[in-house]
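The primary structure of each chain is shown beneath.
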Amino acid sequence: MNLDEAVTLTEERLAAEGGTMGDLLGHFRNRVSPVLIGDPEWELVLERARKLPITMGALPFGFELPLHARRPQADFGVSLASGTRSAAFFEERARADQADETARAITRLFGRMDTDGSPLRAIVGRKLMLEYDIGPGRDRKGALPGMFLRPGERPIVGAGGQARDVNLVVDALMSSVGWEMTESERANLERVYLAQPGNTRMDSFGVFPSRERAIRLAVMGFESRQEVCSYLEDTGWPGRISAVDSVIGRFRERADVVGSGVNIDVQEEGIGPALGLTLIVKQRYTKGSRYWLDGPTDWEPFLGALSHEDIVVPEKLAALADWVSRPTTLFAKSGRYVLLRGIHHIKLVLLENRLRRAKAYVFMVLSGAVPS
C-alpha cells in the first residue's frame, strides 16, 4: 500500500469516528501536557478544530508552542492534499458559502494543482499546510489561516537556476488569497533567492493573509554560521548580523550544530526585521532530507542547549522533552490506528537584534493502514 492509499483508507475510517477534528482531538487531551496547552487554551483549540473535518487527521497535524511565553497557549496546524475527502469538504464549503474565504482560497490553490500538466504540482505536489492563530484577539471570525507550500516533488536549490519556480509557487499562493505580487515584492523575492548558496534549498513558502502582508520563506541547508551571515548581508536583512552570529555561536558551544536554516519575510519595502533560525545538531542531521525526528532521545542535545537561554520557560522545555514517542497502537470503533508524535523543528526568533522567542512545532501522525 502506497502513501496515497494509506491516507485514503485512514480518511474513510476516521469518517466513522466522528465529524470534526474537534472530535478527534478530544481523545488526545491526556497526551498533551497542560504545561504546554492549558485547559482554557485547549478549549480554544477545540473550538477551531470543530470547524474542520475529522478526515484531516489522516495527514500530520499539530501545534506551535511558544516556549518563551508563560501562558500555556498554542496555535493549531493541519495539512491536507488535493483529491482527498478533506479537499472535497472545502470544495463543497466554497460552493455553499461564498463568504468562506478559507475554503475559497484552498479551492483556488487546489484548482491550479489539479490541472493537466500543472507546473505547480510538479514542484510542490498535492499538499498544503494551514496554520491557525488561536487565542483572544487572534482567532477572529473569518480570519484566514497561514498557508504553506513545500517543494517536495522538485526541490528548489540555490545557485539561481530556479527563479521561475520560486515565482510560480509564490504567485500561486498569493493569488489564492486574492493578492497580486507587486514589482517591488518580486524584485525582493528574486534577490533573496539569487543570494542562496548552491548547497541550500527553499524548504517552504508561506503567506499569512490575516497578518501584516509578507511572503514567509524558509531556507535550509546552511553549513556554517559564516554562510548564514553572508546570506543575510546579501539579502539586505536590516538586523545586526553580529547578533545572529552570537546566537549561532553560543549554541555551537553547547551542542554539535552542523547545519542551520533561516525564516525571512519578503515585503514591499524589503526584508522584514524578524528572523527565524533553525539549528540542526549532528544527532538528527541527514543532508538533503527531512529535519524532524523519529528517536525519542534525539532532541536531548538541542533541548539541553536551549535550556541555557533565559527566555525559555523551564517547565515547558521539560514537558516538550516528553512529547516525542515511539509509534503507539490505538483502538477505536473502526479498528486499530498507529499514532506517532514528534518535534518537527524548533525556531529561534530574533527581534530588535536579540533572541526574543523560541517556538516548538510538534506534530501527530495517525494512520489507520494497520495490518489486521
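For the structure itself, look to the data block above.
Residues numbered from 1 in each chain as written. Predicted model: local features only at pLDDT ≥ 70, side-chain atom pairs only at ≥ 80, totals over all residues. Heavy atoms only, no water.

Participant: Got a minute to help me understand the pattern of salt bridges in this structure?
Facilitator: Enumeration over the complete set of coordinates arrives at 23 salt bridges. Notably, a salt bridge pairs D165 with R154, separated by 3.0 Å at the nearest N-O pair. Of this pair, D165 sits in helix 7 (residues 163-176) while R154 sits in the loop between strand 4 (146-149) and strand 5 (156-157); the two residues are 11 residues apart in sequence, bridging distant segments of the chain. For D165, a relative accessible area of 12% puts it in the buried group. A single network of salt bridges, built from pairs that share partners, joins R93, D97 and D100. (Salt bridge = Lys/Arg side-chain N within 4 Å of Asp/Glu carboxyl O. Helix = DSSP H or I, 4+ residues; strand = E, 2+ residues; numbered from the N terminus. Buried < 20%, exposed > 50% of the residue type's maximum accessible area, 1.4 Å probe, protein only.)

Participant: It is not clear to me how the nonpolar core should be interpreted in this structure. Could you clarify?
Facilitator: If you look at soluble globular proteins, the nonpolar side chains tend to sit buried side by side. Counting residues in hydrophobic clusters, the biggest one holds 110 residues, and the most contacted among them are L25, F63, F76, M147, L277, L306 and L320. When near neighbours in sequence (up to four residues on either side) are disregarded, L277 contacts V228, V244, V247, I248, G261, V262, I346, K347, L348 and L350. (Core = buried A, V, L, I, M, F, W, Y, C linked by side-chain atoms within 4.5 Å. Contact = heavy atoms within 4.5 Å.)

Participant: Would you take a moment to explain helix 10 (residues 241-254) for this structure?
Facilitator: Residues lying three or four places apart along an α-helix face the same way, a consequence of the helix completing one turn every 3.6 residues. With 14 residues, helix 10 extends 21 Å from end C-alpha to end C-alpha; this agrees with the ideal 20 Å at 1.5 Å per step. Along helix 10, the residues that are buried comprise A243, V244, V247, I248, G249 and F251. Looking at the buried positions of helix 10, the neighbouring elements they touch are helix 9 (225-235), strand 8 (257-267), strand 10 (275-281), helix 11 (300-306), strand 12 (335-351) and strand 13 (354-367). (Expected span 1.5 Å × (residues − 1).)

Participant: How should the packing of aromatic side chains be read in this particular structure?
Facilitator: Given two aromatic rings, their pairing is described by the distance between the two centres and the angle made by the two planes. The full count for this structure, using the stated rule, is eight aromatic pairs. Arranged with centres 5.9 Å apart and planes meeting at 80 degrees, the rings of W299 and F302 form a pair that is edge-to-face. You can call F302 buried: its relative accessible area is 0%. Members of the aromatic cluster, connected to one another through ring pairs, are W42, F63, F76 and W323. Over the face of the ring belonging to F208 we find R211, whose NZ or CZ atom lies 3.9 Å from the ring centre. Between R254 and the ring centre of F251, over which it is positioned, the NZ or CZ distance is 5.3 Å. (Phe/Tyr/Trp six-rings, centres within 6.5 Å; stacked < 30°, edge-to-face > 60°. Lys NZ or Arg CZ within 6 Å of the ring centre and 35° of its normal.)

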